[in-house]
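# Working through the structure, step by step
These are the residues of each chain, in order.
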Amino acid sequence: MSARVDIPHYRARVVRTAEVAARMVRVTVGQITPEPGHPPLGDVGPADSFFGLWVPVPDAEPAKRYYTVRAWRPEAGELDIDLVLHGSGPATEWASQARVGDEVAFDAPRGHYAPFPGAQWQVLCGDVTALPAIGRILEERAADAVFTPAHVVIAVDETGQRQDLPLREGDHLEWVCPDQLVARSQELSRRDGDGYVWFAAEAAQMRAVRHTLRRELRRPPERWMTMGYWRRDSEQWLARLAAAGPAVHAELERIWSSEGDDEDRTDRAELLLDREGLL
């Protein structure tokens, strides 16, 4: 497996913006042009697909952060990106004042959502950063004649962050406080029968849910997916990671470029980061 090359695949311009909910802005980009050597944007992958987005920074190089494809309308050549306005940082500062005509760049979308055939139930859990992915999952599933009922749990800091979601018969939606998310996700993961669990939130919360699924319940990897969308100490952690030294970075590269199961690679990477005080 070859290492990813960290360069944009597409250029685009902002065509409109809208407030979706409290502290969440939808930025729609169009005029999407592939970089030389890359095909036009076509299939954007699974319903939780994300990409690296380079946003403009005044008097500095563009900053890259990761965001979910909220919606893709190929007939119009438009892509929606929902951005949570929290704390500070170049992406949050840009999103809060994005203007029509702003140029952005992004790499190829990729995702993980893949409930296995025959799943009797699915659990979709996350915080507000997971709302764009959960919303797209439910919207795309809504068009299927055959679908797996979903139990959805979303943690929000305030009621104004709630959104209308396209539920179907047999679905269940819970809005919870952030400190309830992990315990509720772990509880639902223990349901009887053959089901699929999808979880995305803060990195430490993700590790707790992943431990339950992988270590305690020993669920097969194809029956769950967990992702850490952000870290509470992201800026400090990035600085510590950058200062970790070439040996640590080389070992991480070897791990992520090696053959084998994604979860095995994640285990090895976490062991390395824990040993270096970077987990």
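An account of the accompanying structure is given in this report. (Residues numbered from 1 in each chain as written. Predicted model: local features only at pLDDT ≥ 70, side-chain atom pairs only at ≥ 80, totals over all residues. Heavy atoms only, no water.)

### Observations concerning the sheet that holds strand β9 (residues 150-155)
- The strand order β10-β9-β8-β11-β12 describes an open sheet built from 5 strands, whose pairing is parallel. Two strands lie at the open edges of the sheet, namely β10 (172-176) and β12 (224-230), each paired on one side alone. Geometrically, the sheet is characterised by an average inter-axis angle of 10° between neighbouring strands, direction not taken into account.
- Across the face of the sheet, helix α4 (residues 203-216) comes into contact with β8 (121-127), β11 (195-202) and β12 while running at roughly 165° to β12. (Pairing = 2+ DSSP bridges. Helix = DSSP H or I, 4+ residues; strand = E, 2+ residues; numbered from the N terminus. Axes fitted to C-alpha atoms, helices over the stretch in contact; angles between N-to-C directions. Contact = heavy atoms within 4.5 Å.)

### Considerations on the packing of α4 against helix α7 (residues 262-275)
- Relative orientation of the contacting elements α4 and α7 amounts to 125°, with a least axis distance of 13 Å. For the element pair α4 / α7, the angle class is oblique. In this structure, the crossing between α4 and α7 has a hand that is left-handed. In this structure, α4 uses Arg207, Arg210, Arg214 and Arg215 to contact α7, whose residues at the interface are Glu263, Asp264, Thr266, Asp267 and Glu270.
- Its residues placed into classes, the contact of α4 with α7 shows no nonpolar, 1 polar and 8 charged. (Parallel < 35°, antiparallel > 145°, perpendicular 65-115°, else oblique. Left-handed = near helix turned anticlockwise from the far one by under 90°. Nonpolar A, V, L, I, M, F, W, Y, C, P; charged D, E, K, R; others polar.)

### Some thoughts on unusual backbone geometry
- In the Ramachandran plot, Arg23 falls in the positive-phi region, its phi being about 60° despite a non-glycine side chain.
- Relative to the elements of secondary structure, Arg23 occurs in the loop between β1 (10-21) and β2 (24-34).
- Phi is positive for Gln31, which is not a glycine, with a value near 50°.
- Mapped onto the fold, Gln31 is located in strand β2.
- For Gln31, a relative accessible area of 56% corresponds to the exposed category. (Buried < 20%, exposed > 50% of the residue type's maximum accessible area, 1.4 Å probe, protein only.)

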